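Structural features, examined
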Amino acid sequence: MPTEDGMPAADEMIEVDLRNPAVAAVWAWVWPGAGHIYQRRYAKGILFMVCILSTWFFGLGLGHGHVVYASWTKNDHRWQYFCQLGVGTPALPAIVESQRAKKDKEPLFGGWMAPPKQVFNYESPDDELSQWHLKYHSFFELGTLYTMIAGLLNVLAIYDAYGGPMVITSDEKSDKPPPDDQDDS
Amino acid sequence: MIELLASVADTNRLWYALPLIVSVSLVYGATRHELMGPILNNAFRAAVWIGGFMAIIFAILMAISWAV
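Our subject in this report is the structure included herewith.

Calculation rules
- Residues numbered from 1 in each chain as written.
- Chains lettered and ligands numbered in written order.
- Predicted model: local features only at pLDDT ≥ 70, side-chain atom pairs only at ≥ 80, totals over all residues.
- Helix = DSSP H or I, 4+ residues; strand = E, 2+ residues; numbered from the N terminus.
- Buried ≥ 20, exposed ≤ 12 C-beta atoms within 10 Å, placed from the backbone.
- Contact = placed C-beta atoms within 7 Å.
- Nonpolar A, V, L, I, M, F, W, Y, C, P; charged D, E, K, R; others polar.
- Expected span 1.5 Å × (residues − 1).
- Core = buried A, V, L, I, M, F, W, Y, C linked by C-beta atoms within 7 Å.
- Axes fitted to C-alpha atoms, helices over the stretch in contact; angles between N-to-C directions.
- Parallel < 35°, antiparallel > 145°, perpendicular 65-115°, else oblique.
- Left-handed = near helix turned anticlockwise from the far one by under 90°.

**Looking at the overall build of chain A**
Scanning chain A from terminus to terminus reveals nine helices and zero strands. Going from the N terminus to the C terminus, chain A shows its helices and strands as α-α-α-α-α-α-α-α-α. A buried classification covers 36% of the 185 residues belonging to chain A. For chain A, long-range pairs separated by at least 24 residues make up 59% of all intrachain contacts whose partners lie at least 6 apart in sequence.

As structure tokens, then:
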């Protein structure tokens with residue numbers, strides 16, 4: 001960010017070695033912060049890892065592991081999972097559980113990240129999704145929100161690993177046109 | 001009195017917004033800067049902005065709920 005005298009701040013003058021940006025972006029998706037650590041930007045890597053993963057696991061805990069699941073059935077379009085998938089590997093067990101559920105196999109991780117067995121979209125004791133809502137109340141929604149935001153935050157981190165920090169230039173910040181434009185008029 | 005206590009109990013859930021604000025602000029700040037000083041500075045301003053925005057929305061909703 002530019003200082004008051006128009007000079008760029010110290011961190012804007014730093015040249016960031018992004019190494020291979022595509023590889024860094026893939027690492028950043030696989031594990032939050034890993035892309036930055038690959039680029040030897042250790043402080044930011046650890047910051048992203050701590051912030052994103054703590055948000056993710058806190059949300060997962062709030063919903064007792066049921067808020068992250070992959071399902072696209074007639075009665076249950078779990079679109080939230082697309083946001084949650086942004087966090088990378090921590091969200092992938094949901095796909096494994098989804099595939100197992102399609103084959104009528106028992107869940108692997110004690111039911112964590114497994115899709116609900118039956119969803120009717122009306123109140124029924126056999127509707128597992130409505131039972132989760134009943135049991136966990138607002139924590140189900142809160143957990144979903146936390147995990148979605150964690151996934152979306154990691155998309156920002158992936159972009160940062162690929163393209164470096166989004167620095168605001170003085171021209172973007174100022175409403176005035178640049179001096180060259182004024183001379184032309 | 002019971003209604004007031006119930007409404008205060010409901011607002012306790014707002015504490016769950018605090019970790020989110022901290023996390024979002026830090027990640028947002030980290031995507032704008034490279035060094036830890038400017039990141040924390042940006043994160044603090046972002047957190048104040050988000051908190052202020054939430055407080056305004058909260059006050060508006062509270063006023064509506066009292067009025068209706």
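**Some remarks on the overall build of chain B**
Within chain B, the secondary structure is distributed over three helices and zero strands. Order of helices (α) and strands (β) in chain B, N terminus to C terminus: α-α-α. Relative to its 68 residues, chain B shows a buried fraction of 18%.

**Comments concerning unusual backbone geometry**
Residues and elements named next belong to chain A. Unlike most non-glycine residues, R40 shows phi in positive territory, near 65 degrees. Examined against the element boundaries, R40 turns out to sit in the loop between α2 (34-38) and α3 (42-62). On the basis of neighbour counts, which here come to 10 C-beta atoms within 10 Å, the residue R40 falls in the exposed class. Of note in this structure, M113 is not a glycine but carries a positive phi near 65 degrees.

**Here we look at the interface of chain B and chain A**
Listed as interface residues are 16 residues of chain B and, on the opposing side, 24 residues of chain A. Of all elements in the fold, only α2 (17-32) and α3 (36-67) of chain B reach the threshold of two or more residues within the side of chain B that touches chain A. The dominant element in the side of chain B that touches chain A, judged by the number of residues it contributes, is α2 of chain B, at nine residues. Looking at side-chain class alone, the side of chain B that touches chain A contains ten nonpolar, three polar and three charged residues.

**Some words on helix α7 (residues 138-163) of chain A**
Taking 1.5 Å of rise per residue, the 26 residues of α7 of chain A would be expected to cover 38 Å, and the 38 Å separating its terminal C-alpha atoms lies within 8% of that figure. Where α7 of chain A terminates, the next one or two residues include G164 of chain A, which has phi positive at roughly 80 degrees.

**As for the nonpolar core**
Core analysis: the biggest nonpolar cluster contains 42 residues, and A28, I52, V68 and A157 of chain A together with V27 of chain B have the highest contact counts within it. Secondary structure elements with two or more residues in this core: α1 (21-30), α3 and α7 of chain A together with α2 and α3 of chain B. No other element matches α7 of chain A, which puts eleven residues into this core.

**Structural notes on the packing of α3 of chain A against α2 of chain B**
Packing of α3 of chain A against α2 of chain B brings their axes to within 10 Å, and their N-to-C directions diverge by 150 degrees. Between α3 of chain A and α2 of chain B, the angle falls in the class roughly antiparallel. With respect to the hand of their crossing, α3 of chain A and α2 of chain B are arranged in left-handed fashion. Each of K44, L47, F48, C51, I52, T55 and F58 of chain A in α3 of chain A lies in contact with α2 of chain B, whose residues at this interface are P19, L20, S23, L26, V27 and A30 of chain B. Classifying every residue of the contact of α3 of chain A with α2 of chain B by side-chain character gives ten nonpolar, two polar and one charged.

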